[in-house]
Amino acid sequence: MEASNILVGVVGKTNVGKSTFFSAATEIEVQIDNRPFTTIDPNLGVTYVKKKCVHVKLGLLKCDASNSLCIEGFRYIPVKIMDVAGLVPDAHKGRGLGNQFLDNLRRADVLLLVVDASGATDPEGVPVRPGSFDPVEEVMAMIGEIEEWMFSIVSKDWDKFVRGAESIGVSDIAGLLAQRLSGLSIRKSHVVLALERTELGNKKLSSWTKEDLKSFVSELRRVSKPILIVANKSDVPEAEDNIKRLKNKFKEVPVIPTSAISELVLRKAAKANIIKYRPGDDGFTVNDPSKLDRRQKTILDAIAKRVLKKWGSTGVQDVINKAVLEALNMISVYPVDDVNKFTDSKGRVLPDVVLIPKGTSAREFAYKIHSDLGKTFLYAINAITKQRVGESYILKDDDVIKIIATAGRK
Ligand SMILES: Nc1nc2c(ncn2[C@@H]2O[C@H](COP(=O)(O)OP(=O)(O)O)[C@@H](O)[C@H]2O)c(=O)[nH]1
Ligand SMILES: [Mg+2]
């Protein structure tokens, strides 16, 4: 089974720590051979949502994770992540490498807006003294850039589009708009929601004002590419006050303090067997303190004190989890073949886990595994309760499910 197709985009201006965040998030301790989800190319990698593995909940001693990893009772579920090169002011007008970078965002499902919470980078990405620049302004400018970019795509040849739509007398405005915007990873459900929230659903396209279009695009951005604010460089003392201000200012958007550099150091140290640390942990233990040189000790002490003790974690894993599980509203479901042993047809225990949007029905889930399973779906069995459920059963987080379909019968 394929790794999920969710794509997380890392955006922000230059020098805020995007690449460091990307490296930290894609660094994985265990050797992964022959799996489709290690590094894809320099700017496209794989990161992991971390959740307690369902084998623990079921009281099993272990599982045979295959499309994901299971380490010490935690399941690491792969999602794709993209490091988009730096955004400069007026990128939407083509400044810098502007539109080319923004075009990279087309495919992203959720955006991690990395800002320098220490205020040590100017709008052009030039390093300055910490506290010189205001990350609140940085966030507003970046969101502004992203919305302007989206607006320019949506409004391109708008009049022509509207005339065309009216001449064929369409009733399904949402469908038509979704078709027009499919290149931006925007689905019809996104358009429907944005039309509903802006109350433009019943207004004729030809009578939309420019303001209507602006508010529609702004809402569409919120539903189709939710943003999380990654307040990076939380290890720098100047960041503390700025993080408070960011949280106060952007109440509807998650603001997550991170120290990407600390996460990268910790993951590398764990990989080199210097420490014991798992992504998301609130601490680490040194394997053999007598082997640490002074520099290593200083760095690890600083991370423990300035980051882990102060913020609870480096924040990197928290960002990935929140992006996928909260902003994108995904749940995990485990397909199995044998509802008593929780195995697949090869006898592997809980090999696969699939991320699906909350609200997915049993039949939609079947389609996701294989279109034949969806087409010839008969019913499903909840392997935990052993109950039979119908096609419209809405899957719950950590359900273990067997699909019964004529296509699956031998
Ligand atoms: N103090 C601190 N510096 C960081 C952190 N993350 C990245 N940096 C530094 O910020 C600079 C820019 O990082 P980079 O990842 O290349 O930024 P990008 O241009 O946004 O990709 C580098 O000197 C990094 O070492 C962090 O969490 N804390
Ligand atoms: Mg970079």
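Position numbers for residues count from 1 along each chain, tracking the sequence in the order it is written. As a convention, the first chain written is A and the first ligand written is 1, with the rest following in written order. Restriction of local features to residues with pLDDT of at least 70 applies here, the model being predicted, together with a cutoff of 80 or more for giving and counting side-chain atom pairs; totals for whole chains, interfaces and linings are based on all residues. Where side-chain values are given, they derive from all heavy atoms of the structure, hydrogens and water being excluded.

Draft legend 1. Layout of the environment of Arg107. Only DSSP runs of H or I reaching four residues or more are called helices, and only runs of E reaching two or more are called strands; each is numbered from the N terminus. With respect to the element layout, Arg107 can be found in the loop between α3 (98-104) and β5 (110-116). Ignoring anything within four residues of it in the chain, the contact list for Arg107 reads Leu7, Leu44, Met82, Ser185 and Lys225. By the convention used here, residues are in contact when the closest approach between their heavy atoms is within 4.5 Å.

Draft legend 2. Summary view of the state of the cysteines. Criterion for a disulfide: a pair of cysteine sulfur atoms at a distance within 2.5 Å. Tallied over the full model, the rule gives 0 disulfides. Just so you know, Cys63 is unpaired, no disulfide at all, and the nearest cysteine sulfur is the one on Cys70, 3.7 Å from it. Overall, the relative accessible area of 12% leaves Cys63 in the buried class. Classification of residues uses two cut-offs on accessible area relative to the type maximum, computed with a 1.4 Å probe and protein chains only: under 20% is buried, over 50% is exposed, and between them is partly exposed.

Draft legend 3. Quick look at the packing of aromatic side chains. Two rings from Phe, Tyr or Trp (for Trp, the six-membered ring) form a pair when their centres are within 6.5 Å of each other. A pair whose planes differ by under 30 degrees is stacked, one over 60 is edge-to-face, and the rest are tilted. The final tally for this structure, using the stated rule, is 3 aromatic pairs. Here the aromatic rings of Trp208 and Phe216 are separated by 5.2 Å at their centres, their planes lie at 65 degrees, and the arrangement is edge-to-face. Aromatic ring contacts, followed pair by pair, group Trp158, Phe161, Trp208 and Phe216 into a single cluster. Put simply, a charge is over a ring when the Lys NZ or the Arg CZ is close to the ring centre, within 6 Å, and near the line of the ring normal, within 35 degrees. Taking NZ or CZ as reference, Lys214 lies 4.5 Å from the ring centre of Phe151, over its face. For Arg388, the ring lying beneath its charged end belongs to Tyr379, and the centroid distance is 3.6 Å.

Draft legend 4. Expanded view of the sheet that holds strand β10 (residues 330-335). Pairing between strands requires that DSSP locate at least two bridges from one strand to the other. Strands sit in the order β11-β10-β14-β12-β13 across an open sheet of 5 strands; the sheet is mixed. The sheet terminates laterally at β11 (354-357) and β13 (387-389), the two strands that pair on one side only. Mean inter-strand twist for the sheet, computed between neighbouring axes without regard to direction, equals 40 degrees. Two elements, strand β12 (residues 377-382) and β13, share 3 bridges in a ladder whose sense is antiparallel. Paired with Ile381 across the bridge in β13 is Arg388. Angular values range over 0 to 180 degrees, each being the angle between N-to-C directions of two axes fitted as lines to C-alpha atoms, with helices fitted over their stretch in contact.

Draft legend 5. Just the nonpolar core, in detail. Formed by 52 residues in total, the largest nonpolar core has its most connected members in Trp158, Leu177, Val191, Leu195, Trp208 and Phe216. With 9 residues, helix α4 (residues 135-155) is the single largest residue contributor to this core. Throughout, the edges of the domains are those of an automatic or database domain assignment. The residue makeup of this core includes at least three contributed by each of domain 1 (7-146 + 227-325) and domain 2 (153-218). For Phe216, the contacting residues outside a window of four places in its chain are Leu177, Val191, Ala194, Leu195, Thr198, Leu200 and Trp208. What is meant by a nonpolar core is a set of buried Ala, Val, Leu, Ile, Met, Phe, Trp, Tyr and Cys residues, joined one to another through side-chain atoms within 4.5 Å. Counting residues in each nonpolar core, the second largest holds 42 residues, with Cys53, Ile77, Val316 and Ala323 among its members.

Draft legend 6. Seen up close, the site of ligand 1. Taken together, 15 residues are adjacent to ligand 1, and Asn15, Lys18, Ser19, Thr20 and Asp235 come closest. One of the backbone nitrogen or oxygen atoms of Asn15 is found 2.7 Å away from an oxygen atom of ligand 1. Distance and chemistry together define a polar contact, namely a pair of N or O atoms within 3.5 Å, with one atom able to donate a hydrogen and the other to accept it when in protein, and with adjacent residues in sequence counting only for side-chain atoms on both sides. Between ligand 1 and Ala260 there is a distance of 3.0 Å, counted from an oxygen atom to a backbone nitrogen or oxygen. All accessibility values rest on the Shrake-Rupley procedure with a 1.4 Å probe; residue burial counts only the protein chains present in the view. If ligand 1 stood free it would expose 580 Å²; the protein chains cover 72% of that surface. Among the secondary structure elements, those contributing two or more residues to the shell around ligand 1 are α1 (18-26) and α10 (260-271). All residues other than Ala, Val, Leu, Ile, Met, Phe, Trp, Tyr, Cys, Pro, Asp, Glu, Lys and Arg, Gly among them, are scored as polar; the first ten of these are nonpolar and the last four charged. The residue makeup of the shell around ligand 1, split by class, is 4 nonpolar, 7 polar and 4 charged. Distances are taken per atom, and a residue is near a molecule or strand as soon as one of its heavy atoms is within 4 Å of it.

Draft legend 7. Layout of the side chain of Thr360. Along the chain, Thr360 falls in the loop between β11 and α13 (362-369). Among the polar contacts listed, one links the side chain of Thr360 to the backbone oxygen of Pro357, at a separation of 2.6 Å. Here Thr360 is in contact with Phe365, Tyr393, Ile394 and Leu395, once residues within four sequence places are set aside.

Draft legend 8. The arrangement of the pattern of salt bridges in detail. Only one rule defines a salt bridge in this text: a Lys or Arg side-chain nitrogen within 4 Å of an Asp or Glu carboxyl oxygen. Applying the stated criterion across every chain, the model contains 24 salt bridges. Between Arg267 and Glu263 there is a salt bridge whose closest N-O contact spans 2.6 Å. Of the two residues, Arg267 and Glu263 are both situated in helix α10; the distance of 4 residues between them amounts to about one turn of the helix. The class of Arg267 is buried, set by a relative accessible area of 7%. Overall, Glu263 belongs to the buried group, its relative accessible area being 0%. In this structure, Asp337 and Lys402 form a salt bridge, with 3.6 Å as the shortest nitrogen-oxygen distance. With Asp337 in the loop between β10 and β11 and Lys402 in strand β14 (residues 399-405), this pair connects stretches of sequence that are 65 residues apart. Taken together, the shared-partner salt bridges in this structure form one network comprising Lys51, Lys57, Asp397 and Asp398.

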